[in-house]
Amino acid sequence: MDNSKRNVVVTGFGPFGEHTINPSWVAVQELKKLGLGSNVDLHVYEVPVEYQTVQSLVPSLWKQYHPQLVVHVGVSGMATTVTLEKCGRNHGYKGLDNSSFCPDSQCCIVGGPDCIKSVIDMESVCKRVTASGLGVAVSVSKDAGRYLCDYTYYTSLYLSHGRSAFIHVPPLGKPYSGEDLGRALQAIIREMLKLLEQAEEKINSQQHIH
């Protein structure tokens, strides 16, 4: 295995409700075709819309790959832009999943903090991607919706001490194609990796000073 390569895991969701093919998984498959460059090993997974599967799958991805970054992608029926979520929330999960299940506690991690923010500066990523002339509108949000998207994000943020991201995409054709969304994910995740690397370099240089 090439140790200079970084592992990045990107997930999309499986079908639910009216989304017999989930646009998030279409976008992630398009991203897989494009890749993230020769120095990144990209691993993609389709996540079923089930709380209990998320509880076991998300930790197993962190354990298996020790990724530099995990990015979860979900669809938002209300979105018209590609939306970067700043934080995940622990409480308020009342909606039933595809197995008609809902956590009794209505929370992700009993005793966990109410809200965990990503270490990635989403405003900065948004500005950089917008300035690059991608042709896909990108925005920032601080409410991932208290369903499987938010649940997955919080679980990942909790496990990774904030080294996770969540991106909401609009339904296909409203207004973007799967290819458009794949290009957007590629541009966004590349910027996220750049920011993480800059932060690591800063920490390393500060350690050398002391």
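It should be emphasised that the depicted structure is a prediction, and the values quoted were computed from it without experimental measurement. (Residues numbered from 1 in each chain as written. Predicted model: local features only at pLDDT ≥ 70, side-chain atom pairs only at ≥ 80, totals over all residues. Heavy atoms only, no water.)

Trainee: Just give me the short version of the overall build of the chain, but keep the residues and values in it.
Mentor: Across its full length, the chain holds five helices and eight strands. Going from N to C terminus, the chain has its helices and strands arranged as β-α-β-α-β-β-β-β-α-β-α-β-α. Seen through its principal axes, the chain has C-alpha atoms that stretch 55 × 40 × 35 Å. Taken over 210 residues, the chain has a buried fraction of 50%. (Helix = DSSP H or I, 4+ residues; strand = E, 2+ residues; numbered from the N terminus. Buried < 20%, exposed > 50% of the residue type's maximum accessible area, 1.4 Å probe, protein only.)

Trainee: Please provide a residue-by-residue account of the UniProt feature "active site" (unreviewed entry) in the chain, values included.
Mentor: In this structure's numbering, the residues bearing the UniProt feature "active site" (unreviewed entry) are E85 and C149. Taken along the chain, the residues just named run across 65 residues; in space they keep tight, none of their C-alpha pairs more than 10.1 Å apart. Restricting the annotated residues to those that line the largest pocket leaves E85 and C149. Along the chain, the position of E85 falls in strand β4 (residues 82-85). The contacts of E85, once residues within four sequence positions are left out, are M122, S141, K142, D143, A144, Y153, F166 and H168. Along the chain, the position of C149 falls in helix α4 (residues 148-160). If sequence neighbours within four positions are ignored, C149 has contacts with F13, G74, V75, A144, F166 and H168. (UniProt positions renumbered as here; feature names shortened; annotations may be inferred. 1 Å grid on protein atoms, 1.4 Å probe; cavity = no way out; pocket = protein on both sides within 12 Å on 5 of 7 lines; lining within 4 Å. Contact = heavy atoms within 4.5 Å.)

Trainee: So, unusual backbone geometry: which residues are in play, and what are the values?
Mentor: That bond from K174 to P175 is cis: its omega, 0°, falls within 30 degrees of zero. Positioned with a positive phi, H66 is a non-glycine residue whose angle comes to about 45°. Within the secondary structure, H66 is located in the loop between α2 (51-65) and β3 (69-75). Of note in this structure, S100 is not a glycine but carries a positive phi near 55°. In this structure, S100 sits in the loop between β5 (87-89) and β6 (115-117).

Trainee: Lay out the side chain of D97 in plain terms, naming residues and giving numbers.
Mentor: Assignment of secondary structure puts D97 in the loop between β5 and β6. Although D97 is buried, it forms no salt bridge, and the closest oppositely charged side chain is R146 at an N-O distance of 16 Å. Only 2.8 Å separates the side chain of D97 from the backbone nitrogen of S99, close enough to count as a polar contact. In this view, D97 contacts V49, E50, Y51, Y147 and L148; residues no more than four positions away in its chain are not counted. (Lys, Arg positive; Asp, Glu negative; His and termini not counted. Salt bridge = Lys/Arg side-chain N within 4 Å of Asp/Glu carboxyl O. Polar contact = N/O pair within 3.5 Å; in protein donor to acceptor, adjacent residues only side chain to side chain.)

Trainee: Run through the packing of aromatic side chains, naming residues and quoting values.
Mentor: Throughout the structure, instances matching the rule amount to eight aromatic pairs. Geometrically, the ring pair formed by Y154 and Y158 is stacked, given 6.3 Å between the ring centres and 20° between the ring planes. Of this pair, Y154 and Y158 are both found in helix α4, four residues apart, which corresponds to roughly one turn of the helix. (Phe/Tyr/Trp six-rings, centres within 6.5 Å; stacked < 30°, edge-to-face > 60°.)

Trainee: Which residues make up the nonpolar core, and what are the values?
Mentor: Formed by 58 residues in total, the largest nonpolar core has its most connected members in I167, I189 and M192. Looking at this core element by element, the count peaks at 10 residues for helix α5 (residues 178-209). Sequence-distant contacts of I167, defined by excluding residues within four places in its chain, comprise V71, H72, V73, G74, V82, T83, L84, L185, I188, I189 and M192. (Core = buried A, V, L, I, M, F, W, Y, C linked by side-chain atoms within 4.5 Å.)

Trainee: Kindly report on the environment of A144, identifying the contributing residues and their values.
Mentor: Looking at the element boundaries, A144 is found in the loop between β7 (138-141) and α4. When sequence neighbours within four positions are dropped, the list of residues in contact with A144 reads E85, C87, C149, D150 and H168.

Trainee: Tell me about the sheet that holds β4, residues and numbers included.
Mentor: Spatially, the six strands line up as an open sheet ordered β2-β1-β3-β8-β4-β7, and their pairing is mixed. Each of the sheet's edge strands pairs with one partner strand only, and the pair in question is β2 (40-47) and β7. Taken pair by pair, the neighbouring strands of this sheet meet at an average axis angle of 25°, ignoring direction. Pairing geometry for β4 and strand β8 (residues 164-169), over three bridges, is antiparallel. Bridged to E85 within β8 is F166. (Pairing = 2+ DSSP bridges. Axes fitted to C-alpha atoms, helices over the stretch in contact; angles between N-to-C directions.)

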